[in-house]
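Structure assessment
One letter stands for each residue in the lines below.
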Amino acid sequence: MCTAATYVTKDHYFGRNLDLEFSYNQKVTIVPRNYEFNFRKVKPMKSHYAMIGMAFVVENYPLYYDATNEKGLSMAGLNFPGNADYKQEVEGIDNIAPFEFIPWILGQCATIAEVKSLLDRINLINIDFSKELPLSPLHWIISDKEVSITVESVKAGLKIYDNSIGILTNNPTFDIQMFNLNNYINITKEVPENRFSSKLDLDIYSRGMGAIGLPGDLSSSSRFVKAAFTKLNSISGTSESESISQFFHILGSVNQERGCVRLAKDTYEITIYSSCCNTDKGIYYYKTYENSQITGIDLYNENLDSQILISYPLISGQHIKMQNR
Ligand SMILES: C[C@H](CCC(=O)NCCS(=O)(=O)O)[C@H]1CC[C@H]2[C@@H]3[C@H](O)C[C@@H]4C[C@H](O)CC[C@]4(C)[C@H]3C[C@H](O)[C@]12C
């Protein structure tokens, strides 16, 4: 499972939890403006917007999980098993493989309006990156500094939803996830009133009782509700430190701890990394399951006019600051 979120204070933030039972060798990867992007069915992109994000680099190709470009446009792919349906090639439109989708959009677009016009002539095709890295069943959240959309290629075609809450998890389809929020209309951050019965003298014996009924399990529909509630009620100061702290707390509300979701004997899904990109400043922050310290990588600290991919391996292991020695 995975969860993606957006958040605005003074700046705009975009990030995700990557939940899985194993790791590819993903790294924070910067694609400079003149790296040549090759595509299977459309013309190469020789120059484009620079971008930063998490990618598994294979044969010098960045297989992005999530990324942000220099215009602040961001995009993340999340698992969508059983629903994702990629199509056969169609002549006369842009046939893009799912692993090319993030570079295709972030390379050319600055805003969601521009993304929507590219999506008008796109066909997500069923082409594997390789035999070893076959098609991933994904759907995507794409956000500029103002708004977000969700893109789902399903049996019925390409669905584009306005994502007014800036949250995405996994199944079911986005329209159903949004409808499901109706079931939680009563949940509140406030001290609840007794609406059960005026004949009973019910007691507020604890703080937080307004949110009793907010799901706490790790299913994708429950994480959608929990992350939406946490994000929509989030308050923080506007400094970078306060903003990214709050962002990681939003993602932390739907973290997967090792041992709670078993997939097979001795195999458990965990939150492998959490990311938070300041999309205005181009700084990509991350934490990993074994490294709670926040690490940042600055897009603008690199030569963005080069042609060569830049990758930073994830720093692993805890970095504990001892205070009395
Ligand atoms: C599995 C990842 C999404 C996390 C998630 O939703 N996990 C939940 C699993 S489940 O619902 O509970 O089964 C996705 C996100 C991005 C994906 C990767 C990117 O799309 C880039 C390449 C694409 C290649 O086709 C396959 C390998 C791959 C490297 C992908 C592997 C995997 O599918 C990733 C890592």
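Residues numbered from 1 in each chain as written. Predicted model: local features only at pLDDT ≥ 70, side-chain atom pairs only at ≥ 80, totals over all residues. Heavy atoms only, no water.

1. Examining the overall build of the protein chain
When helices and strands are tallied, the protein chain shows five helices and 18 strands. Against the compact-globule benchmark of 20 Å for 325 residues, the protein chain has a radius of gyration of 21 Å, which places it among compact chains. A principal-axis box enclosing the C-alpha atoms of the protein chain has dimensions of 70 × 60 × 45 Å. Looking at the protein chain as a whole, 50% of its 325 residues are labelled buried. At a minimum sequence separation of 6, the contacts of the protein chain that also span at least 24 residues come to 67%. Total accessible area on the protein chain stands at roughly 16200 Å², and carbon and sulfur atoms take up 50% of it. Treating the 30 positive side-chain charges of the protein chain as one cloud and the 36 negative ones as another, the clouds have centres 2 Å apart. (Helix = DSSP H or I, 4+ residues; strand = E, 2+ residues; numbered from the N terminus. Rg over C-alpha atoms; globule rule 2.2 N^0.38 Å. Buried < 20%, exposed > 50% of the residue type's maximum accessible area, 1.4 Å probe, protein only. Contact = heavy atoms within 4.5 Å. Areas by Shrake-Rupley, 256 points an atom, 1.4 Å probe, with all protein chains shown as cover. Lys, Arg positive; Asp, Glu negative; His and termini not counted. Charge placed at Lys NZ, Arg CZ, Asp CG, Glu CD.)

2. Notes on the packing of aromatic side chains
In total, this model carries 15 aromatic pairs according to the counting rule given. An aromatic cluster is present here, built from Y35, F37, F39, Y61, F99, W104 and F129 joined pairwise through their rings. (Phe/Tyr/Trp six-rings, centres within 6.5 Å; stacked < 30°, edge-to-face > 60°.)

3. Describing the pattern of salt bridges
Evaluated as defined, the whole model comprises eleven salt bridges. The salt bridge partner of R16 is D66, with a shortest N-O separation of 3.2 Å. With a gap of 50 residues between them, R16 in strand β2 (residues 12-20) and D66 in strand β5 (residues 61-69) connect regions that are remote in the sequence. The burial state of R16 is the same as that of D66; both residues are buried. For the salt bridge of D85 with K87, the shortest nitrogen-to-oxygen distance reads 2.5 Å. Judged by its relative accessible area of 21%, D85 is partly exposed. (Salt bridge = Lys/Arg side-chain N within 4 Å of Asp/Glu carboxyl O.)

4. Let's talk about the side chain of N180
Position of N180 relative to the elements: it lies in helix α3 (residues 174-180). Classification of N180 by relative accessible area gives buried; the value is 18%. Within the structure, N180 has its side chain in polar contact with the side chain of N183 (distance 2.9 Å). In contact with N180, other than residues within four places in its own chain, are S221 and V225. (Polar contact = N/O pair within 3.5 Å; in protein donor to acceptor, adjacent residues only side chain to side chain.)

5. A look at the nonpolar core
F101, W104, I105, V115 and I142 are the most contacted members of the largest nonpolar core, which has 85 residues in total. Residue contributions to this core peak at six residues, all from strand β4 (residues 51-58). Apart from residues no more than four positions distant in its own chain, I142 is found in contact with L73, S74, M75, I105, I112, V115, V147, S148, I149 and V151. Among the nonpolar cores identified, the runner-up in size contains five residues, and I187, A211, L214 and V225 belong to it. (Core = buried A, V, L, I, M, F, W, Y, C linked by side-chain atoms within 4.5 Å.)

6. As for a nonpolar patch on the surface
Taken together, the side chains of F196, L200 and L202 define a hydrophobic patch exposed on the protein surface, amounting to about 340 Å² of accessible area. What makes L202 partly exposed here is its relative accessible area of 43%. (Patch = residues over 30% accessible without salt bridge, like charges linked within 9 Å, V, L, I, M, F, W, Y side chains within 5 Å.)

7. Digging into the sheet that holds β5
With respect to topology, eight strands assemble into an open sheet ordered β11-β10-β9-β6-β5-β4-β3-β18, the strand pairing being antiparallel. Edge positions in the open sheet fall to β11 (157-162) and β18 (310-313), since each of these has one partner strand only. Each neighbouring strand pair of the sheet contributes to a mean axis angle of 30°, computed without reference to strand direction. One ladder, built from eight bridges, connects β4 with β5; its direction is antiparallel. Each residue of the ladder has a partner; that of F56, found in β5, is L63. The strands that helix α1 (residues 101-108) touches are β4, β5, β6 (74-79), β9 (138-143) and β10 (148-154); relative to β5, the one it contacts most, it runs at about 45°. Contacts from helix α2 (residues 112-119) reach β9, β10 and β11, with the element oriented near 15° to β10. (Pairing = 2+ DSSP bridges. Axes fitted to C-alpha atoms, helices over the stretch in contact; angles between N-to-C directions.)

8. Details of the sheet that holds strand β1 (residues 2-8)
If you walk across this open sheet you meet the six strands as β12-β1-β2-β15-β16-β17, and the pairing is antiparallel. Among the strands making up the open sheet, the edge pair consists of β12 (167-168) and β17 (291-298). Bridging between β1 and β2 involves seven bridges; their strand directions are antiparallel. Within β2, the residue paired with T6 across the bridge is F14.

9. What about unusual backbone geometry?
That bond from N171 to P172 is cis: its omega, -5°, falls within 30 degrees of zero. Following the sequence through the fold, P172 ends up in the loop between β12 and α3. Positive phi, close to 50°, is recorded for E59, a residue that is not glycine. Secondary-structure assignment places E59 in the loop between β4 and β5. A residue is classified by how much of its surface remains accessible, and E59, at 71% relative accessible area, is exposed. For D266, which is not glycine, the phi torsion reads 65° and is therefore positive.

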